[in-house]
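The primary structure of each chain is shown beneath.
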Amino acid sequence: MENLYEKVAYLRGLAEGLGINEDSKEGRLLLSIIDVLDEFADAINELDVKQAELEDVVDSIDEDLEKLEDEVYENYDEDYDDYYDEEDDEDLVEVTCPNCKVTFYLEEDEYLNEDEIECPNCNEVIYLDELESEIDDEEYDEEYEEEDYENKKDK
């Protein structure tokens, strides 16, 4: 910021040294420009000071928030472990809707005992028998591709 003040002071001194005064139209214009530049330097200096103050406030808020997070989430992992049971995931079957391509999960019992379900996203009926046959076909295709790749690699 001081650099701006120095440059404006240099221009003011240069104008005085050249004998520019307010007697001519050009002189009034140049001196007015120098005055406006001085005001710009003041405004930028004020903004710089306010920005520094804001940075201090934000840093203080960040520190306070970090302390608060530490207090609130201190036992979060332990609480989450008590609430979340990984064994529950073993009973879920991933289903992708053939209509809207959204993936959702069903309990294994529901998947095995139902013939059709409704997609929670697009509300279209999904026939699980058809879905199973598509999955079986995909698994067969993947196995075939792997065998074909290994056969080509051996040759």
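The structure presented is a predicted model; accordingly, all values stated were derived computationally and were not measured. (Residues numbered from 1 in each chain as written. Predicted model: local features only at pLDDT ≥ 70, side-chain atom pairs only at ≥ 80, totals over all residues. Heavy atoms only, no water.)

**Here we look at the overall build of the protein**
Keep this limit in mind: Only DSSP runs of H or I reaching four residues or more are called helices, and only runs of E reaching two or more are called strands; each is numbered from the N terminus. To sort residues, take the accessible area from a 1.4 Å probe on protein chains only and compare it with the maximum for the residue type: under 20% means buried, over 50% means exposed, and anything in between is partly exposed. The criterion used for residue contact is that any of the two residues' heavy atoms lie within 4.5 Å.
Helices and strands together make up the secondary structure of the protein, namely 5 helices and 4 strands. For the protein, the N- to C-terminal ordering of α and β elements is α-α-α-β-β-α-β-β-α. Counting across all 155 residues of the protein, residues that qualify as buried make up 11%. Put simply, of all contacts in the protein between residues at least 6 apart along the chain, 25% involve residues at least 24 apart.

**A word on the nonpolar core**
Heads up, the rule is: Residues belong to one nonpolar core when they are buried, are Ala, Val, Leu, Ile, Met, Phe, Trp, Tyr or Cys, and are joined through side-chain atoms within 4.5 Å.
Ranked by size, the top nonpolar core spans 11 residues in total: Val93, Val95, Cys97, Phe104, Leu106, Tyr111, Ile117, Cys119, Ile126, Leu128 and Leu131. If you list the elements that add at least two residues to this core, you get strand E1 (92–96), strand E2 (103–107) and helix H5 (128–154). Other than its neighbours up to four places away in sequence, valine 95 contacts Val102, Thr103, Phe104, Leu106, Tyr111 and Leu131.

**Examining the pairing of E1**
Selection criterion: Strands were regarded as paired on the criterion that DSSP finds at least two bridges between them.
Of the two faces of E1, the one lined by Val93 and Val95 is fully buried and the one lined by Leu92, Glu94 and Thr96 carries no buried residue. Judged from the 5 bridges that link them, E1 and E2 form a sheet pairing that is antiparallel. Across the sheet, the residue bridging to valine 93 is leucine 106, located in E2. Between E1 and E2, which pair antiparallel and follow one another directly, the connecting turn spans 6 residues, one of which, lysine 101, has a positive phi of 65°.

**Some details on the environment of glutamate 130**
One can find glutamate 130 in helix H5. With 15 residues separating them along the chain, glutamate 130 and aspartate 115 place their C-alpha atoms 9.4 Å apart.

**With respect to unusual backbone geometry**
Excluding glycine, residues mostly carry a negative phi; peptide bonds, for their part, are mostly trans. The backbone of lysine 101 shows a phi angle near 65°, a positive value even though the residue is not glycine. In this fold, lysine 101 is placed in the loop between E1 and E2. Here the phi dihedral of asparagine 123 falls at roughly 65°; this positive angle occurs in a residue that is not glycine. With respect to the helices and strands, asparagine 123 occurs in the loop between strand E3 (116–118) and strand E4 (125–127).

**Considering a nonpolar patch on the surface**
Put simply, the rule is: In this analysis, a patch consists of residues with relative accessible area above 30% that form no salt bridge, clustered at 9 Å for like charges and at 5 Å for the nonpolar side chains Val, Leu, Ile, Met, Phe, Trp and Tyr. Residue-level accessible areas treat just the shown protein chains as cover; the underlying method is Shrake-Rupley with a 1.4 Å probe. When a carboxyl oxygen of Asp or Glu is within 4 Å of a side-chain nitrogen of Lys or Arg, the pair counts as a salt bridge.
Nonpolar side chains collect at one region of the surface, where Leu4, Tyr10, Leu11, Leu14, Leu18, Leu29, Leu30, Ile33, Val36, Leu37, Phe40 and Ile44 lie side by side and expose about 1,100 Å² of accessible area between them. Looking at the nonpolar patch, the elements that each hand over two or more residues are helix H1 (2–17) and helix H2 (25–72). Considering every element that reaches the nonpolar patch, the biggest residue donor is H2, with 7 residues. Structurally, leucine 30 can be placed in helix H2.

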